[in-house]
Amino acid sequence: MIDFLQQVPLFYKLNDKQLSYIAEICTKKQFKAGTILFREKEPGSVFYIVYSGSVKLFMSSQSGEEKILSVFKSGDSFGELSLIDGKPRSASAQTLEDSTMIVLSANNFLELLKWNFEITLCIMQELAQRLRDTNQHVHDLTFLDARSRVVKNLILLANKNGTRKGTTIHVKLALNFDEISRMAGVQKTVLMQVMRDLEERGVISVSMNEFTLHLDRLRAGS
């Protein structure tokens, strides 16, 4: 557990004694793909760190349509907002694949913030980054056309979840095409049309549940 915690960005400044304490108050839990970890508007009682697998954070409209806000992978943490302000969850969280979570109760999480300024600062930085991401997303929806939004979201997925080798990035998709289209704020038909065009131009190579992005061809304007 300690070896893993050392690799979590939230805890990278902590010493072995501090990490040992966190390991003692955390529990490791396994969840099947498709498990709802918490729902929007529920009270918050748990802080999560992804040990393995992936999780999507999303909001739902009254008609049931989803808007994916973020995808978390190993080392990412989430669920802190409602623990800090005491208000209900602002979004829902669901596993995209069989996943293992490091779970920390609200009381233990708040105690960590109280006694460890390094963790508090990291949490503040994470929340600030998410606010910046939200502002950027609003900008994209306002000023970028559908094609540009698709390309940008494919690049973001590749940068965060892909494996780079030279000028290519290989990405295994935990999201399906419906979910990717909702992330980009476009209809699925638009997403598929743009991806087919990019594939014809050699910018991406698509196969079952994965794609490869060719950066040299993207930069060349192909």
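Residues numbered from 1 in each chain as written. Predicted model: local features only at pLDDT ≥ 70, side-chain atom pairs only at ≥ 80, totals over all residues. Heavy atoms only, no water.

## A closer look at the sheet that holds strand S5 (residues 66-73)
Right, on to step 1. Pairing in this open sheet of 4 strands is antiparallel, and the strands run S2-S7-S4-S5 from one edge to the other. Strands at the two margins of the open sheet, each flanked by one partner only, are strand S2 (36-38) and S5. In this sheet, neighbouring strand axes are inclined to one another by 30 degrees on average, regardless of whether the strands run parallel or antiparallel.
Right, on to step 2. Pairing geometry for strand S4 (residues 54-60) and strand S7 (residues 92-95), over 4 bridges, is antiparallel. Residue leucine 57 lies in a different strand from S7, and its bridge partner there is alanine 93. (Pairing = 2+ DSSP bridges. Helix = DSSP H or I, 4+ residues; strand = E, 2+ residues; numbered from the N terminus. Axes fitted to C-alpha atoms, helices over the stretch in contact; angles between N-to-C directions.)

## Points about the pairing of strand S12 (residues 210-214)
Right, on to step 1. Counting buried positions over the 5 residues of S12 gives 4, a clear majority of the element.
Right, on to step 2. Of the pairings in the sheet, the one linking strand S10 (residues 168-172) to S12 comprises 5 bridges and is antiparallel in character. Bridging across to S12, threonine 168 finds its partner in histidine 214.
Right, on to step 3. Here 4 bridges tie strand S11 (residues 204-207) to S12, and the two strands are oriented antiparallel to one another. Among the inter-strand pairings, serine 207 is bridged to a residue of S12, identified as glutamate 210.
Right, on to step 4. Two successive antiparallel strands, S11 and S12, enclose a turn made up of 2 residues, where asparagine 209 displays a positive phi of approximately 60 degrees. (Buried < 20%, exposed > 50% of the residue type's maximum accessible area, 1.4 Å probe, protein only.)

## Notes on the packing of helix H7 (residues 177-184) against helix H8 (residues 188-200)
Right, on to step 1. Two elements in contact, H7 and H8, have axes separated by 9 Å at closest approach and are oriented at 95 degrees. Overall, the two elements H7 and H8 adopt an arrangement that is roughly perpendicular. Contacts from Phe177, Asp178, Ile180 and Ser181 of H7 reach H8 at Lys188, Leu191, Met192 and Met195.
Right, on to step 2. Its residues assigned to classes, the contact of H7 with H8 shows 5 nonpolar, 1 polar and 2 charged. (Parallel < 35°, antiparallel > 145°, perpendicular 65-115°, else oblique. Contact = heavy atoms within 4.5 Å. Nonpolar A, V, L, I, M, F, W, Y, C, P; charged D, E, K, R; others polar.)

## Focus: the nonpolar core
Right, on to step 1. Counting 26 residues, the largest nonpolar core has Val150, Leu175, Leu198, Ile204, Phe211 and Leu213 as its most contacted members.
Right, on to step 2. Looking at this core, the elements that each hand over two or more residues are S5, helix H6 (146-161), S10, H7, H8 and S12.
Right, on to step 3. Element by element, the count of residues in this core is highest for H6, at 5 residues.
Right, on to step 4. In this structure, leucine 198 is in contact with Arg147, Val151, Leu154, Val203 and Ile204, ignoring residues within four places of it in sequence.
Right, on to step 5. Listed in part, the 22 residues of the second largest apolar core include Phe11, Leu104, Phe109 and Leu112. (Core = buried A, V, L, I, M, F, W, Y, C linked by side-chain atoms within 4.5 Å.)

## Overview of the environment of aspartate 145
Right, on to step 1. Examined against the element boundaries, aspartate 145 turns out to sit in the loop between helix H5 (117-143) and H6.
Right, on to step 2. Distance from aspartate 145 to valine 186, taken between C-alpha atoms, is 9.5 Å for residues 41 residues apart in sequence.
Right, on to step 3. Only 2.8 Å separates the side chain of aspartate 145 from the side chain of serine 148, close enough to count as a polar contact. (Polar contact = N/O pair within 3.5 Å; in protein donor to acceptor, adjacent residues only side chain to side chain.)

## Overview of the packing of aromatic side chains
Right, on to step 1. For the coordinates displayed, the defined rule picks out 6 aromatic pairs.
Right, on to step 2. Seen from their ring centres, phenylalanine 38 and tyrosine 48 are 6.0 Å apart, and the 35 degrees between their planes marks the pair as tilted. Of this pair, phenylalanine 38 sits in strand S2 while tyrosine 48 sits in strand S3 (residues 46-52), and the two are 10 residues apart along the sequence. Tyrosine 48 matches phenylalanine 38 in its accessibility class, with the two residues each being buried.
Right, on to step 3. Centre to centre, the rings of phenylalanine 72 and phenylalanine 78 are 5.0 Å apart; their planes meet at 5 degrees, and the pair counts as stacked. For the residue pair phenylalanine 72 and phenylalanine 78, the accessibility class agrees, reading buried in each case.
Right, on to step 4. An aromatic cluster is built from Phe38, Tyr48, Phe72 and Phe78, whose rings are joined through pairwise contacts.
Right, on to step 5. Over the aromatic face of tyrosine 51 sits the side chain of lysine 28, whose NZ or CZ is 4.1 Å from the ring centroid. (Phe/Tyr/Trp six-rings, centres within 6.5 Å; stacked < 30°, edge-to-face > 60°. Lys NZ or Arg CZ within 6 Å of the ring centre and 35° of its normal.)

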